[in-house]
Amino acid sequence: DYADAYNNIGNILQELGQFDEAFSHYVYALAIDPDNAEFHRNLALMKNYKKGDTQVIKMQSLLSDDNLSQSERIQLCFALAKAYDDLGEKDELFKVLNQGNQLRKEELNYSIEVDLKNHSLFRKLFVSIPQSSSYKPLKISPIFIVGMPRSGTSLVEQIISSHHRVHGAGELNALNNLITPIMNDYLSHNKPISEKNFLSIRQGYSNNLLNLNVSENIVTDKMPTNFKNIGFILKAFPEAKIIHLKRDAMAVCWSIYQRYFPSKSLGFPYDMKDLGQFYNSYTEMMTFWHELFPNQIYDISYEDLTINQEEETRKLLRYCELDWDENCLNFYTNKRAVKTASSLQVKEKMYQGSSQIWKKYEVQLKPLIKTLGYLS
């Protein structure tokens, strides 16, 4: 009768793509602890709600309780938003979604200025850094997959990691953990970034890949926000492959805004204006990197990939210097665990049209459209 265990097993089964079993475990968890907001949110992501669903009635009742903690209220708001989306109840959807986002932004005490300042700092830093010297060859070659969250990075990793020579490592924190102290030194003591710093990143990150203890000698790292670290990547790993996912701005931002991200390091998703400003800053950064490192970043369009799956997959593998592997077309059969918000999608066949869904909510998303300066 231990509800947390059922929930945790549900999470693991979901990562492994065993969705029916995961669903059952979330149902068990809720049967034992029907007031648990996190369990409701986990189950909500796996359900397609129909009118009269008793779980919706239960969640509405819980949300009206004044004694809820802020964290519980946030989880319930996102869970109910998913239900109202399925039920086509737009007004109710945006009422709980806006509330959940606002509370989550407060909980994280987030200010967009911090991210914008960091992006600007990274750009300034790399304008004047000279070319790196030659390094010893790597035992494991990294492929970095970057872009906005919800842009298709998990899908592309699933495709590439279906290749017999590649291991998909998911979202690794290793690079960020190595860069942060160097940036802190730079900011606190005005200590310039040196060749020694790049070498320490190269060695530290390579050791991290070796510690994965996998048989393949090519590893993907799909931490989307590594887009800001491209300068460090290409200085420390001049031979690295970098794949940048591009997707329709409104499709990406709508997909982000309706999701709860457990990571406390992501604060920009929870306010339409913040989200639009962050997206604009990201596009500025990618333009900057392309100009600074011409022909060293491979852009792939999510929409093109869903329309011309085989052609785009072949081009992708050619860029990665990998031979053709039919498994890459059947990526959804890959048994590896996927620990991101896309775990449900990447275990299904490729589908089209998801980039148009936001248009149903054009009126409610006006603040976002305006901040993005979006022209469809």
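See above for the structure.
Now for a look at the structure at hand. (Residues numbered from 1 in each chain as written. Predicted model: local features only at pLDDT ≥ 70, side-chain atom pairs only at ≥ 80, totals over all residues. Heavy atoms only, no water.)

1. Here we look at the layout of surface pockets
Of the volumes computed, that of the second largest pocket is approximately 290 Å³. Taken together, Tyr 135, Lys 136, Pro 137, Leu 138, Lys 139, Ile 140, Leu 199, Arg 202, Gln 203, Ser 206, Asn 207 and Leu 210 make up the lining of the second largest pocket. Here the residues of the lining of the second largest pocket are counted per class, giving 6 nonpolar, 3 polar and 3 charged. (1 Å grid on protein atoms, 1.4 Å probe; cavity = no way out; pocket = protein on both sides within 12 Å on 5 of 7 lines; lining within 4 Å. Points joined across faces, edges and corners; volume = space filled by probe spheres on them. Nonpolar A, V, L, I, M, F, W, Y, C, P; charged D, E, K, R; others polar.)

2. So, the pairing of strand β4 (residues 241–246)
With respect to burial, β4 is a largely interior element, 5 of its 6 residues being buried. Of the pairings in the sheet, the one linking strand β1 (residues 141–146) to β4 comprises 4 bridges and is parallel in character. Across the sheet, residue Val 146 finds its bridge partner in β4, namely His 244. Summarising the sheet, β4 and strand β5 (residues 298–301) pair through 4 bridges and their orientation is parallel. Following the sheet pairing, Lys 246 is matched in β5 by Ser 301. (Buried < 20%, exposed > 50% of the residue type's maximum accessible area, 1.4 Å probe, protein only. Helix = DSSP H or I, 4+ residues; strand = E, 2+ residues; numbered from the N terminus. Pairing = 2+ DSSP bridges.)

3. Focus: the nonpolar core
In terms of nonpolar packing, the biggest core is built from 90 residues, with Ile 230, Phe 232, Trp 254, Phe 268, Trp 289 and Leu 365 touching the most fellow members. If you tally residues by element for this core, the top one is helix α5 (residues 70–87), at 10 residues. Apart from residues lying up to four places away in sequence, Ile 230 is in contact with Val 146, Ile 242, Met 286, Trp 289, Phe 293 and Ile 297. Within the second largest apolar cluster, 21 residues are counted, among which are Ile 159, Val 166, Leu 316 and Phe 331. (Core = buried A, V, L, I, M, F, W, Y, C linked by side-chain atoms within 4.5 Å. Contact = heavy atoms within 4.5 Å.)

4. Digging into unusual backbone geometry
A positive phi angle is found at Asn 213, which is not glycine, with a value near 55°. Take Asn 213: it is sitting in the loop between α10 (195–210) and β3 (218–221). The class of Asn 213 is exposed, set by a relative accessible area of 71%. You will see that Asn 295, though not glycine, has its phi angle at about 65°, which is positive. Mapped onto the secondary structure, Asn 295 falls in the loop between α13 (272–292) and β5.

5. Notes on the environment of Cys 320
Here Cys 320 shows up in the loop between α15 (309–319) and α16 (366–372). In this structure, the C-alpha to C-alpha distance between Cys 320 and Ile 218, residues 102 residues apart in sequence, is 9.8 Å. Excluding its chain neighbours within four sequence positions, the residues that come into contact with Cys 320 are Ile 143, Ile 160, Lys 241 and Ile 243.

6. Description of the side chain of Lys 47
Along the chain, the position of Lys 47 falls in the loop between α3 (37–44) and α4 (54–63). A polar atom in the side chain of Lys 47 sits 3.2 Å from the side chain of Gln 55. Ignoring sequence-local partners within four residues, the contact set of Lys 47 consists of Phe 23, Asp 53, Gln 55, Lys 82 and Asp 86. (Polar contact = N/O pair within 3.5 Å; in protein donor to acceptor, adjacent residues only side chain to side chain.)

7. Things to note about helix α9 (residues 174–189)
Here α9 is 16 residues long and its end C-alpha atoms lie 24 Å apart, about the 22 Å a rise of 1.5 Å per residue gives. Turning to α9, its buried residues number three or more, namely Ala 174, Leu 175, Ile 179, Ile 182 and Met 183. Residues of α9 that are buried in the fold lie against α7 (112–127), β1, α10 and α11 (230–236). Asn 190 sits one or two positions beyond α9 and adopts a positive phi of about 55°. (Expected span 1.5 Å × (residues − 1).)

8. Here's the deal with the sheet that holds β5
Strand pairing in a sheet relies on backbone hydrogen bonds. The paired strands run either parallel or antiparallel. Sheet architecture is open: 5 strands sit in the order β2-β3-β1-β4-β5, paired in parallel fashion. At either end of the open sheet lies a strand with only one pairing partner, and these are β2 (166–168) and β5. On average, each strand axis in the sheet is tilted by 25° relative to the strand beside it, whichever way the strands run. Strands in contact with α15 are β4 and β5; relative to β5, the strand with the most contacts, it is inclined by about 165°. (Axes fitted to C-alpha atoms, helices over the stretch in contact; angles between N-to-C directions.)

9. Regarding the packing of aromatic side chains
According to the stated counting rule, one finds 23 aromatic pairs in the structure shown. Relative to Trp 289, the ring of Phe 126 lies with its centre 5.6 Å away and its plane at 75°, an arrangement referred to as edge-to-face. Taken together, the positions of Phe 126 in helix α7 and Trp 289 in helix α13 put the pair 163 residues apart, joining distant regions of the chain. Like Phe 126, the residue Trp 289 is buried in the burial classification. Residues Trp 358 and Tyr 374 carry aromatic rings whose centres are separated by 5.2 Å and whose planes lie at 80° to one another, so their mutual orientation is edge-to-face. (Phe/Tyr/Trp six-rings, centres within 6.5 Å; stacked < 30°, edge-to-face > 60°.)

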